[in-house]
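Report on the structure
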Amino acid sequence: MTEIVFGVGASHSTLMNTHWQETLHKDRAERFRDGLRSARDRLAAARPDTVILVGSNHFRGFWLDLIPSFTIGVGECIASGESGTPKGPQPVDVPLGRHIADSLVEQGRFDVAFSARLQIDHGQSHAIQYLLDGLDVEIVPLVVNVFAPPLPTLERCEQLGRAVREAVLAFPDDRRVAVIGSGGLSHRLPWPDWREPHGEDEEFLVGAWLDGRENWSDYDKRRREIIRAAEAAISPEFDDEFLSLLEHGQAHRITELTTEELEKTAGNGAQELRTWLLMASLLDHTPAQRLAYEPLPEWLTGMAVAVLDPARTNSERHA
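What you see is a predicted model, and the numbers here were worked out from it, not measured in a lab.

1. Some points on the overall build of the protein chain
Assigned secondary structure in the protein chain consists of 11 helices and 9 strands. On C-alpha atoms alone, the protein chain measures out to a radius of gyration of 18 Å, which is about the 20 Å that the 2.2 N^0.38 rule sets for 319 residues. Seen along its three principal axes, the alpha-carbon backbone of the protein chain occupies a region of about 55 × 40 × 40 Å. Looking at the protein chain alone, contacts between residues at least 24 apart form 82% of all its contacts between residues at least 6 apart.

Set out below in structure tokens:
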């Protein structure tokens, strides 16, 4: 029997690795890092065999020559290792990944892309570094397009989460499955709409996204300079509202927003909340527990950690 036993939503930022000394709000940063450690310990206690790792890709594994809305890793998975994140092959639960891909197609609900040699970046490897450290687990990577419009709608992500949940629970072998949604919360990256770049920096970025498949590291220095020069645009009010929805098992209500409304309210980086929504949907919207929230302008992002524990929720219901 396969069970879905735990969920984690966690923000990511490579600036944790590369610019810790330059972080001014060390107290906030430490509280966020403590939240990650607590989530990692809670995840370990749930004893998962496999983690479905839902994340974004920052034009290091996907480029503008081909951008699927959703991609499932069903074979090799290689982390790009940028900015001190893990590098190299990652252990993949191939039977479960292939079962999910097969089931989605056979159900006629999602014609998802799949990859037998998937490259991931910090949109997922940040979670491997901080949440899976020391855990003997395999992963099923699920990459969501959140940066190259047109994006899958929030409603479509909610639907995919439910469809993947059904597929996982129908898996014929025994698995204890956890789910991580990596990304968000509110932030704005200095990234253009690739269809309408304005100015030299935006033209450079779109060129990198189009031509970087074989040599993405050649573009990385200037990419980092552009990001480091950006001003923070964090919306703590929006972040608190979203986390409150998550705590009440109501994260699906964010589907009321259009892609454009979400960006206007919380920045283009908030499009990564699709990964949290997918995770929550896979957990059947079990009410979450907020472990940390800190607005960190040095990292450009509202940084949050939350966990969804069905066992804890069920025990509270029967108390």
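2. So, the environment of Ser186
Structurally, Ser186 can be placed in the loop between strand E7 (175-182) and helix H6 (199-211). Judged by relative accessible area, which is 0%, Ser186 ranks as buried. In this structure, the C-alpha to C-alpha distance between Ser186 and Asn268, residues 82 residues apart in sequence, is 8.1 Å. Apart from residues lying up to four places away in sequence, Ser186 is in contact with Ala233, Ile234, Ser235, Phe238, Asp239, Ala266, Ala270, Leu300, Thr301 and Gly302.

3. Overview of the pairing of strand E9 (residues 301-308)
Burial analysis of E9 places 8 of its 8 residues in the buried class, which makes it a mostly covered element. Burial of the side chains of E9 extends over both faces: Thr301, Met303, Val305 and Val307 are buried on one face and Gly302, Ala304, Ala306 and Leu308 on the other. Summarising the sheet, strand E1 (residues 2-10) and E9 pair through 4 bridges and their orientation is antiparallel. Across the sheet, the residue bridging to Ala10 is Val305, located in E9. Direction of pairing for strand E8 (residues 288-296) relative to E9: antiparallel, over a ladder of 8 bridges. Note that in E9 the partner of Pro295 across the bridge is Gly302. Where E8 folds back onto E9 in an antiparallel hairpin, the turn is made up of 4 residues, including Leu300, whose phi is positive at roughly 70°.

4. Remarks on the packing of aromatic side chains
A complete count under the given rule lists 9 aromatic pairs for this structure. Taken together, a centroid distance of 6.3 Å and an interplanar angle of 75° make the contact between Phe32 and Trp299 edge-to-face. Here Phe32 is found in helix H2 (residues 26-45), whereas its partner Trp299 is found in the loop between E8 and E9, with 267 residues between them in sequence. Trp299 matches Phe32 in its accessibility class, with the two residues each being buried. Look at Phe59 and Trp209: their rings are 4.2 Å apart centre to centre, the planes differ by 15°, and that puts the pair in the stacked class. Remark: Trp209 occurs in helix H6 and Phe59 occurs in the loop between strand E2 (50-55) and strand E3 (70-80); sequence separation between them is 150 residues. For the pair Phe59 and Trp209, one class covers both residues: buried. Among the aromatic residues, ring-to-ring pairing joins Phe59, Phe147, Trp191 and Trp209 into one connected group.

5. Let's talk about helix H8 (residues 236-247)
With 12 residues, H8 should reach 16 Å at 1.5 Å per residue; the first-to-last C-alpha distance of 16 Å fits that figure. Inspection of H8 places Phe238, Asp239, Phe242, Leu243, Leu245 and Leu246 among the buried residues, and these make up the whole buried set. For H8, the angular spread of buried residues about the axis comes to 155°, placing them on one side. Along H8, the residues that are exposed and aim more than 90 degrees away from the buried face are Glu237 and Glu241. Residues of H8 that are buried in the fold lie against helix H9 (259-266), helix H10 (273-282), E8 and E9. Gly249 sits one or two residues past H8 and shows a positive phi near 70°.

6. Some points on the pattern of salt bridges
Summed over the entire model, instances satisfying the criterion amount to 22 salt bridges. A salt bridge links Arg37 to Asp34; the shortest N-O distance between them is 2.5 Å. Residue Arg37 and its partner Asp34 are both found in helix H2; the two are separated by 3 residues, about one turn of the helix. Overall, Arg37 belongs to the partly exposed group, its relative accessible area being 43%. Two residues, Asp240 and Arg290, come together in a salt bridge whose shortest N-O distance is 2.9 Å. In this pair, Asp240 sits in helix H8 while Arg290 sits in strand E8, placing the two residues 50 residues apart along the sequence.

Rules used throughout
- Position numbers for residues start from 1 in each chain and track the written sequence from start to end.
- Where local features are concerned, this predicted model is filtered to residues with pLDDT of at least 70; where side-chain atom pairs are given and counted, the filter is 80 or more; whole-chain, interface and lining totals use all residues.
- As a rule here, side-chain values come from all non-hydrogen atoms in the structure, and water together with hydrogens is ignored.
- Each helix is a run of DSSP H or I of at least 4 residues and each strand a run of E of at least 2, with the numbering of both proceeding from the N terminus.
- The reference for a compact globule is 2.2 Å times residues^0.38; the radius of gyration itself is calculated from the C-alpha atoms.
- Note on contacts: a residue pair qualifies if any of its non-hydrogen atoms lie within 4.5 Å across the two residues.
- Exposure is judged per residue with a 1.4 Å probe applied to protein chains only, and the accessible area is read against the type maximum: over 50% gives exposed, under 20% gives buried, and values in between give partly exposed.
- If DSSP finds at least two bridges between two strands, the strands pair.
- Stacked, tilted and edge-to-face are the three classes applied to pairs of Phe, Tyr and Trp rings, where Trp contributes its six-membered ring and a pair requires centres within 6.5 Å; stacked means planes under 30 degrees apart, edge-to-face means over 60, and tilted covers the rest.
- One less than the residue count of a helix, multiplied by 1.5 Å, gives the span that helix is expected to have.
- As used here, the arc is the angular range of directions from the helix axis to the C-beta atoms.
- A pairing counts as a salt bridge when a side-chain nitrogen of Lys or Arg comes within 4 Å of a carboxyl oxygen of Asp or Glu.

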